[in-house]
There are 4 protein chains.
Amino acid sequence: MRIGYVGLGVMGGALARRLLVSGPVTVFDLNARAVADLVEAGATAAPDLAAMGAACDVVFLCLPRSENVRAALFDHGLADALRPGATVIDQTSGDPTETRAMAETLSARGIHMIDAPVSGGAKEAEAGTIAIMIGGAADRIAAVQPIFDRISPNSYLCGAIGAGQVMKLINNTISTCNRFAMLEGVALGMRNGLDLGVMSDVLNAGGARSKATEAMLPALADGVPDSFFYLNLMLKDVNLATQLATQSGVPLQFGQLARGMMQAASNRLGPQANLFDIGD
Amino acid sequence: MRIGYVGLGVMGGALARRLLVSGPVTVFDLNARAVADLVEAGATAAPDLAAMGAACDVVFLCLPRSENVRAALFDHGLADALRPGATVIDQTSGDPTETRAMAETLSARGIHMIDAPVSGGAKEAEAGTIAIMIGGAADRIAAVQPIFDRISPNSYLCGAIGAGQVMKLINNTISTCNRFAMLEGVALGMRNGLDLGVMSDVLNAGGARSKATEAMLPALADGVPDSFFYLNLMLKDVNLATQLATQSGVPLQFGQLARGMMQAASNRLGPQANLFDIGD
Amino acid sequence: MRIGYVGLGVMGGALARRLLVSGPVTVFDLNARAVADLVEAGATAAPDLAAMGAACDVVFLCLPRSENVRAALFDHGLADALRPGATVIDQTSGDPTETRAMAETLSARGIHMIDAPVSGGAKEAEAGTIAIMIGGAADRIAAVQPIFDRISPNSYLCGAIGAGQVMKLINNTISTCNRFAMLEGVALGMRNGLDLGVMSDVLNAGGARSKATEAMLPALADGVPDSFFYLNLMLKDVNLATQLATQSGVPLQFGQLARGMMQAASNRLGPQANLFDIGD
Amino acid sequence: MRIGYVGLGVMGGALARRLLVSGPVTVFDLNARAVADLVEAGATAAPDLAAMGAACDVVFLCLPRSENVRAALFDHGLADALRPGATVIDQTSGDPTETRAMAETLSARGIHMIDAPVSGGAKEAEAGTIAIMIGGAADRIAAVQPIFDRISPNSYLCGAIGAGQVMKLINNTISTCNRFAMLEGVALGMRNGLDLGVMSDVLNAGGARSKATEAMLPALADGVPDSFFYLNLMLKDVNLATQLATQSGVPLQFGQLARGMMQAASNRLGPQANLFDIGD
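Keep in mind the model is a prediction, meaning the values are calculated, not measured.

Asks: Just checking my understanding: could you explain the packing of helix 9 (residues 163–191) of chain B against helix 13 (residues 253–269) of chain B for this structure?
Replies: When two helices pack together, their arrangement is given by the angle between the helix axes and by the axis-to-axis distance. Residue and element names in this part refer to chain B. Close contact between helix 9 and helix 13 brings their axes to 9 Å; oriented N to C, the two are set at 70°. In this view, helix 9 runs roughly perpendicular relative to helix 13, as classed from their interaxial angle. Read as a crossing pair, helix 9 and helix 13 show a hand that is left-handed. Side by side, helix 9 and helix 13 meet where Thr173, Thr176, Cys177 and Phe180 of the first sit next to Phe254, Gly255, Ala258, Met261 and Met262 of the second. Within the contact of helix 9 with helix 13, the residues separate by chemical class into six nonpolar, three polar and no charged.

Now the structure itself:
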C-alpha cells in the first residue's frame, strides 16, 4: 500500500518521519520548509492534494482542526482524487462529530475513514513509542494495522469511527483537570508555608499522585517549568470535550471549569500563554 | 518514653497495634470493644484520660475531628494530667488552624504538640508502610522521630505545627478532584460508546494517569467498585481544605466544585453514600 | 404581504393567533389538532410546506430547534417554493450560528432571513405585549416592521442576522443563573432557620432583587412553585449559550455551572423534571 | 436609654449621624478625625470603650469584621463596663457563628446582644431609608425597636441572634452572583456584536432583570462604571457565606464560584481592585 502524509507540523512531521524509517512516504504541507525537511529524510513530495490522492492508497492527515481536514478532503481535491477502496486516516486531535460526518460522506464514495490521534510528544513519535487511539470499522483497521505497527506497537482499538478522538479528548481533559487540581493544591500549600519539594515528595507518594505530580511538580520545584503546556492547545481539546459533553448530555463540571479558567486566562494573557502564567 | 494512644478507630487502632509490635503502649477509647482488642494484643488500658496523661510522656491522638481532640485535651483532663515536657502527637485529619491554636495553649503549659496525620489505609498502617506527614518544631520532632520510625520509615517533615495536616488536606483534595475528573471523563466516554476496559488501558498509558485511574478505574471496569470512598469522609477533608483556602486567600476552584458536588450528593443520598452513588 | 406561520406549539400558536387579530394568516403544523384550532380562529391551513412557500411573501417559523428550521426549509420544500424577495422570519429559540448559515444559503437564492425570538409567555403573546428581539439587515427589518408591530410594540433591534437569538440566549442564561443563585441562597437561609417569607421580603427590598426574587420566591414562600420552569427547556437555551461562548472565546463560568447542574439533574430526574425538583 | 456608637467608618458614621438627628449619641472610634466630625454634628465623644460602656444602655457597633467586635467587647473593656441589662447592637457585616458565640458570653453577664446589619449605602443611611436586618430575642428587639425606627422604618425581623447577619450574607451573595451572571452574559453579547445599550434595554425588559441590570448595566453602557464595587468588600461577605454554607451543609455552588473568581482577581489585581477590572 502506497502511503501519504498530509500535515507536517510538529506531530505530523514526526509521525511521517517515523513511517519513513520502514518504507516510502509521499508528503504534503503548505509549509515548503517542512516539506523540504521530509524530502531530505527520503520522502517524496506531492505537488498538491490531488496528486497525493492519485498516488496513494492510504493517506494520513494530521492538521490543527477538523475543519482543516474537511477543507483538505473536500475543497482542495483530496477526496476527489482518491480511488474507491482507499483509506483516509485522520490523526488530528479533532471533533469526533465532524469526523463521523466526513466519514459518512467519504463512505458514499467507497472511501474508508479511520481516526487515529496520538498521545505523547514528537520525541515519542520518532522513537516509535507513542500511543495511538484508533476508531473505525474493525475490518478496515485490521487492513492497515501493519502500518500503525510501523508507527508504534502501542495502538488501542477504541471503537467505531470517532472513538479514537473521543478517547483523546477524554484523556486530555482529565489530564488538564489533574494539572489544575495539582497546581491549586500546591498554591494552597505554598500560602501555608509548605515547600514545593516536600509537597512533590508527599504527593507523589500518596493518593494525589498523577502524571501531573510526577512530571510537572518536580520541574516546578526545581524552578524549571515545562514550557510545553501552551494554554491554547489545552483549551482547544477541552473546548471540544465540553462541546461533546453538551451533545452527549454529560455534565462534565470539572472540564467546564477548566475550560472557563483557561479561556479567561487566554483572553487576559494572549494566545501564547503558558499554563504557569495563570498564577492566581 | 512511655507511649499512649487515644482513639482506637480503624486508623488509630491500626497505628496503635503497629506501635505495640516494638514496645508497650497504653491505650484509651470510649468504645470498650476497641480497647479490649488492643489489650488482647498486649496493650495496657488507661481507665480515663487523666490516668493516660499521668502515665505517659508521649500521647498520640487519632480522632474524627479537631474538636474531639480539643475535648479530649481540655474538657476530659488529658492536658491537665500531662507533665511539662510531655509531647502530644495529633494524628487526626484535623483543622490546622484549630491545631495551631491548641498547640499555643499547650505550649503555655510547657507541653509540646506535633501533628502527624497519615496517608494510606489500615493495612498499610499495620504493615509499617504508611506515609506520615509531620508538622512541628524541628527539635521536638527529632526527639520523637524514633517513635515515628517504629510506625513507618515513610515520614515527611512538612514544616511548623499544622503543616502535616495542611499537607494531608492538600493530598486528599487533589486526589478527590482527580477521582471526579476521571469519573466524569469516563462518563463522557461511556455515553459515546467507549468501553470501560479500553478507557482504563488508555488512560493508564497516557497523560491522564493518576492513582484514581490506576486503583479505581480497573475495579470499575471489573464491576467491583472500591467500597471505601465514603462521600462524607472525602467531604470532611475537602471542607477543611476550602476553609483553609478561604483563610489563606487561595481560589481553590476545583476543590470548591468537588465540595459542592459532594455536599449536594450527601444531602440527596445520605451520609453513608459512596462516591459511585453520585452517578450523574 | 401574505403572511404564513409554521409551528403552532404553545408559543408559535399564540403568536399566529395574535397575527390573526389584524389580518389573514396561512398556517402549517404536523399536529392536525393545532392546525384545526387556528383554522377555527380564522386561519387558512396550508396542505404542506411547499404550498405554504408558494402562497406567502413572509413566512414565520417557531420550532423547537434550529435543526427543525433547517429541515422545514431545505428538506421539506419551503425554501424551494419561496420566491426571490420573500422573507423568512425565524422565531425559534435557536442556534445563532446555524441561523447565520441558513441565512447565507437563503441569500444565494434571493430570500431574506430575519431572526426574531420572543421573551415572555403565551399569555403575553396573545395580549400583544411580548418582547421581540430582532436580528437581520436593517432594510429588511424595516420592510416587515409593521408586521412585528401587529404582534407587539415591544420589539428590539439587536443587530445583524442571529443577534436576536444571541440576545435571547443571553437573557435566558442570566435569568437561569439568577434563579439558581436565589435558590441556593434561600437554601442557606432555611438551613439557618430563616423564614421563606422574611427572605422574600428582604431580598426583594435589597441588592439581590431580580425577576427571580419577584416572581418565583413569593410563590415558593406560599408553597405554590411555578410549574413552568421545566429543566430541559432551560437547559436547551443554556446549552446553546455555552456552545456560543466556546465559539466566541468567552469563559461564561456561571452559565457553564448552571448547565452542568441542570444536565446532572436532568439525567437523574428525567426530562420532565422541574427546577424545584433539584432540591439539593 | 442612653445610646452609644462604636465605629464611625463610612456606614457607622452615617448611621450615628442619622441617630443624632433625633437625640444624643456618645461616639467612639480610633480615628480622631471621624470622631471630630461627629462631635461637630452634636455627638459626645467617649475617651475610651470603658467610658462608653459606663455611659450607655445601648451600644451599637459597626466594625470591619466580627473579630474587631470581639476585641472591642472583650479586649478593650466594653463588655466589662456595661451594666447587666444593657444591650449591644452589632451592625457589622459579620460572621453569624462568631456573633452567636459572643452573644452567649455576654448573656452570662446579663448583657443582651442583637445583630442588625444594614443593606444600602451611606446615602440611604443618612436619609433614613436604609434596610435593617435584625436578629435576636423578640422581647429584646421590641425594647429597642424605637431606636431602630429612628434609623429607618425599614427594619426586618429575621429570627434569633445571628439571623440578621445570615440574611445580609445571603443578600450580598445573591447580588454578587447576579452581577457576575450579568457581566459574563453581556461579555458574550459584546463578542457577538451586540450593543451594550441594546442589551441593557432588553435585559431590563425581560426575565434577566435584576438590581444589577437596573443599576449597573446602564452605567456600563454610558461608560460610567460604578466605582463602589470593590472586589474585596464583596469577597469578604461571600467568603463568610461560603464558610456558613460549609458549616450548614449547603452546596452554594454559585457562591463558591463567585468566591473563587473574586479571590483569583484580588490576588492578581490587588486589594483595591474593582469588579470591572476583572474584565475576562
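Asks: Which parts of the structure should I look at to understand the relation of the copies chain C and chain D?
Replies: Two copies of a chain can be linked by a rotation about an axis combined with a shift along that same axis. When chain C is fitted to chain D, the residual RMSD is 0.0 Å, and the transformation amounts to a turn of 180° plus an axial shift of 0.0 Å. One copy is carried onto the other by what is essentially a two-fold rotation axis. Considering only C-alpha atoms, the part of chain C nearest the rotation axis is Ser210(C), at 1.9 Å. In this assembly the copies share their binding face: 100% of the residues contributing to the interface of chain C also contribute to that of chain D.

Asks: Looking at this structure, how should I read the state of the cysteines?
Replies: Cysteine pairs can be linked by a disulfide, which is a covalent bond between their two sulfur atoms. Under the criterion given, the structure shown has zero disulfides over all chains. Take Cys158(A): it sits in no disulfide, and the sulfur closest to it among the cysteines is that of Cys62(A), at 16 Å. A relative accessible area of 5% means that Cys158(A) is categorised as buried. In this structure Cys177(B) is a free cysteine whose sulfur lies 8.8 Å from that of Cys177(A), the closest cysteine sulfur available.

Asks: Sorry if this is basic, but what is going on with the relation of the copies chain B and chain A here?
Replies: For the pair chain B and chain A, the relating rotation is 180°, the translation along its axis is 0.0 Å, and the fit reaches an RMSD of 0.1 Å. Both copies share a contact surface, since 100% of the interface residues of chain B are interface residues in chain A too.

Asks: Help me understand empty space enclosed by the protein, please; the structure alone is not making it clear to me.
Replies: Any space left empty among the atoms is revealed by the rolling of a water-sized probe across them. Under the criterion given, the structure shown has six cavities of 30 Å³ or more. As a volume, the largest cavity reaches approximately 130 Å³. Lining the largest cavity, in full, are Gln253(A), Gln256(A), Leu257(A), Gln253(B), Gln256(B), Leu257(B), Gln253(C), Gln256(C), Leu257(C), Gln253(D), Gln256(D) and Leu257(D). Sorting the residues of the lining of the largest cavity by element identifies helix 13 (253–269) of chain A, helix 13 of chain B, helix 13 (253–269) of chain C together with helix 13 (253–269) of chain D as the ones contributing at least two each. Within the lining of the largest cavity, the residues separate by chemical class into four nonpolar, eight polar and no charged.

Asks: What am I meant to see in the interface of chain B and chain A here?
Replies: One widely used convention gives an interface's size as the accessible area the parts lose upon coming together. Taken together, the contact pairs 55 residues of chain B with 55 residues of chain A. Between chain B and chain A the total buried area reaches about 4,900 Å² when both faces are included, carbon and sulfur atoms providing 69% of it. Its largest share of buried area at the contact with chain A, chain B owes to Glu184(B), Leu188(B) and Phe254(B), together 15% of the area lost on that side. In this assembly, chain B and chain A are joined by two salt bridges. We note a salt bridge from Glu214(B) to Arg209(A), for which the minimum N-O separation is 3.0 Å. For the pair chain B and chain A, the interface holds 20 residue pairs in polar contact (both at pLDDT 80 or more). Those elements that provide at least two residues to the side of chain B that touches chain A are strand 9 (155–159), helix 9, helix 10 (196–205), helix 11 (211–221), helix 12 (231–248) and helix 13 of chain B. Of the residues forming the side of chain B that touches chain A, the biggest block, 19 residues, is contributed by helix 9 of chain B. Counted by class, the side of chain B that touches chain A contains 33 nonpolar, 14 polar and eight charged residues.

Asks: Looking at this model, I keep getting lost on the interface of chain C and chain D. Mind explaining?
Replies: With 55 residues of chain C in contact, the opposing surface of chain D contributes 55 residues. Counting the surface lost from both chain C and chain D, the interface buries some 4,900 Å², and carbon and sulfur atoms represent 69% of this. Considering only the surface of chain C that becomes buried against chain D, Glu184(C), Leu188(C) and Phe254(C) emerge as the three largest contributors, covering 15% of it. Breaking the side of chain C that touches chain D down by element, the ones donating at least two residues are strand 9 (155–159), helix 9 (163–191), helix 10 (196–205), helix 11 (211–221), helix 12 (231–248) and helix 13 of chain C. Per-element tally for the side of chain C that touches chain D: the top contributor is helix 9 of chain C, with 19 residues. Here the side of chain C that touches chain D is built from residues that sort into 33 nonpolar, 14 polar and eight charged.

Asks: Where do I start with the packing of helix 1 (residues 10–20) of chain A against helix 8 (residues 138–151) of chain A in this structure?
Replies: Residues and elements named next belong to chain A. Following both chains from N to C, one finds helix 1 and helix 8 inclined at 105°, their axes separated by 8 Å at the closest point. With respect to helix 8, the axis of helix 1 lies roughly perpendicular. In contact with Leu15, Arg18 and Leu19 of helix 1, helix 8 contributes Ile147, Arg150 and Ile151. Considered class by class, the residues forming the contact of helix 1 with helix 8 number four nonpolar, no polar and two charged.

Asks: It is not clear to me how the pairing of strand 9 (residues 155–159) of chain A should be interpreted in this structure. Could you clarify?
Replies: Working note: regular strand, side chains alternate between the two faces of the sheet. Residues and elements named next belong to chain A. With four bridges joining them, strand 8 (residues 131–135) and strand 9 adopt parallel strand pairing. Note that in strand 9 the partner of Gly135 across the bridge is Gly159. As for the winding sense of the linkage, the β-α-β connection from strand 8 through helix 8 to strand 9 is right-handed.

Asks: Teacher, can you tell me more about helix 2 (residues 32–40) of chain D here?
Replies: Residue pairs spaced three or four apart in an α-helix point in one direction, given the helix's 3.6 residues per turn. Residues and elements named next belong to chain D. Burial in helix 2 covers these residues: Ala34, Val35 and Leu38. One side of helix 2 holds all its buried residues, which, seen down the axis, span an arc of 100°. Every exposed residue of helix 2 that faces more than 90 degrees away from the buried side is listed here: Ala32, Arg33 and Glu40. Taken together, the buried residues of helix 2 touch helix 1 (10–20), strand 2 (26–28) and strand 3 (44–45). Its side-chain oxygen placed 2.9 Å from the backbone nitrogen of Arg33, Asn31 serves as the N-cap of helix 2. A positive phi of about 115° marks Gly42, the residue just after helix 2.

Criteria and thresholds
Residues numbered from 1 in each chain as written. Chains lettered and ligands numbered in written order. Predicted model: local features only at pLDDT ≥ 70, side-chain atom pairs only at ≥ 80, totals over all residues. Heavy atoms only, no water. Axes fitted to C-alpha atoms, helices over the stretch in contact; angles between N-to-C directions. Helix = DSSP H or I, 4+ residues; strand = E, 2+ residues; numbered from the N terminus. Parallel < 35°, antiparallel > 145°, perpendicular 65-115°, else oblique. Left-handed = near helix turned anticlockwise from the far one by under 90°. Contact = heavy atoms within 4.5 Å. Nonpolar A, V, L, I, M, F, W, Y, C, P; charged D, E, K, R; others polar. Least-squares fit on C-alpha atoms with pLDDT ≥ 70 in both. Disulfide = S-S within 2.5 Å. Buried < 20%, exposed > 50% of the residue type's maximum accessible area, 1.4 Å probe, protein only. 1 Å grid on protein atoms, 1.4 Å probe; cavity = no way out; pocket = protein on both sides within 12 Å on 5 of 7 lines; lining within 4 Å. Points joined across faces, edges and corners; volume = space filled by probe spheres on them. Buried area = accessible area lost by both parts, 1.4 Å probe. Salt bridge = Lys/Arg side-chain N within 4 Å of Asp/Glu carboxyl O. Polar contact = N/O pair within 3.5 Å; in protein donor to acceptor, adjacent residues only side chain to side chain. Pairing = 2+ DSSP bridges. Right-handed = clockwise from strand over helix to strand, strands pointing away. Arc of directions from axis to C-beta.

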